[in-house]
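Fold and contact review
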Amino acid sequence: MPHIRHVVHTDTDALAAAAARTVAECLTERIDAAGQATLALTGGSVGIKTAAALAGSPVDWERVTIFFGDERFVPAGHPERNDGQLDEALLDSLGDRPTVHRWPARTAEDSDVDSAAARFLESLDIPGGDDPIFDVTILGMGPEGHIDSIFPHTPAVAETERMVVGVRECPKPPAERMTFTLPAVRRSRHVLVVAAGEGKAEAVARGLGGADPTEWPVAGAVGSESTTYHLDEGAASALN
Ligand SMILES: O=C(O)[C@H](O)[C@@H](O)[C@H](O)[C@H](O)COP(=O)(O)O
């Protein structure tokens, strides 16, 4: 298994700045090598802060395709959607330079989360096999180790085939969401987990310790080239 490392920062601003620096470097390296790069963003306070820190980074955004790791299945413009917060933090400032793949919104005609997720997956036209989908994936993490909308002991964490699934009865509201799955996250070259606060300490220790992803989903989020947890002192407090 590729080496998983962690870096402890003095506070969340330093954490977000360092994570954003790494993201920008990885994207630029990939653009230099392949002419384009793909990035998956995440919601949550630390993920949004990291996205905001990316706003001033020297990245050739015209060559970047952006995804969101998950989305709440609510109407467009709803304050609970991740993409609105990420627009404000980063995407508004980038204009139409990157290509952005937004998750479908719930509408009166389109209110079935599973079929919306299936249609979204189809629209992405992801090739089969193990080749990377994402050059860089940023992941926030919940205290029970959830990443994207992949929560412990749920059908989403058990998914082994599909790259995208609809989520019902999500343990954290809103109940209906859409998410990339662990098999999709593992098709990332570089995974950055960003987590702050003592409430995340056990999940961090479990993730770095290689726990069963069914119990601690973050443990299943491993990149093919690197996996780095960017932490503050609280989130690192259960590590030796
Ligand atoms: O979908 C959600 O309910 C949240 O967005 C969640 O997934 C969040 O990203 C993590 O809980 C980390 O959040 P913090 O960085 O704010 O701790």
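Residues numbered from 1 in each chain as written. Predicted model: local features only at pLDDT ≥ 70, side-chain atom pairs only at ≥ 80, totals over all residues. Heavy atoms only, no water.

Another aspect to go through is the confidence of the model for the protein. Summarising the model, the protein shows a mean pLDDT of 96, and 99% of its residues fall at 70 or more. Both confidence scores are given for the complex: pTM 0.97, ipTM 0.95. (pLDDT = per-residue confidence, 0-100.)

What follows deals with the site of the ligand. Near the ligand you find 13 residues, and of these Ser45, Arg72, His146, Arg177 and Lys200 are the closest. Arginine 72 is positioned with one of its side-chain polar atoms (N or O) 3.0 Å from an oxygen atom of the ligand. The contact in question runs from an oxygen atom of the ligand to an N or O atom on the side chain of lysine 200, over 2.4 Å. Relative to its free-state accessible area of 420 Å², the ligand is covered by the protein chains to the extent of 86%. Those elements that provide at least two residues to the shell around the ligand are helix H2 (45-54) and strand E4 (70-72). (Near = heavy atom within 4 Å. Polar contact = N/O pair within 3.5 Å; in protein donor to acceptor, adjacent residues only side chain to side chain. Areas by Shrake-Rupley, 256 points an atom, 1.4 Å probe, with all protein chains shown as cover. Helix = DSSP H or I, 4+ residues; strand = E, 2+ residues; numbered from the N terminus.)

On to unusual backbone geometry, then. Glycine aside, residues mostly have negative phi angles, and peptide bonds mostly take the trans form. Of the consecutive residues proline 173 and proline 174, the connecting peptide bond is found in the cis state with omega at -5 degrees. Tracing the backbone shows proline 174 in the loop between strand E7 (164-167) and strand E8 (177-180). The phi dihedral of histidine 153 falls on the positive side, at around 55 degrees, and the residue is not glycine. Inspection of the secondary structure assignment puts histidine 153 in the loop between strand E6 (134-140) and helix H5 (155-158). For histidine 153, a relative accessible area of 56% corresponds to the exposed category. (Buried < 20%, exposed > 50% of the residue type's maximum accessible area, 1.4 Å probe, protein only.)

In this section: H2. All of the buried residues along H2 are Val46, Gly47, Ile48, Thr50, Ala51 and Leu54. In this fold, the buried residues of H2 make contact with helix H1 (12-34), strand E2 (37-41), helix H3 (82-94), E6 and strand E9 (188-195). (Contact = heavy atoms within 4.5 Å.)

Moving on: the sheet that holds E4. On the basis of which strands lie adjacent, the open sheet formed by 3 strands has the order E4-E8-E7 and antiparallel pairing. Single-partner strands in this sheet number two, and they are E4 and E7. Recorded for the sheet is a direction-independent mean angle of 15 degrees between the axes of neighbouring strands. Here 3 bridges tie E4 to E8, and the two strands are oriented antiparallel to one another. Considered in E8, the bridge of glutamate 71 is made with methionine 178. Contacting E7 and E8, helix H4 (residues 113-124) runs over the sheet at an angle of about 165 degrees to E7. (Pairing = 2+ DSSP bridges. Axes fitted to C-alpha atoms, helices over the stretch in contact; angles between N-to-C directions.)

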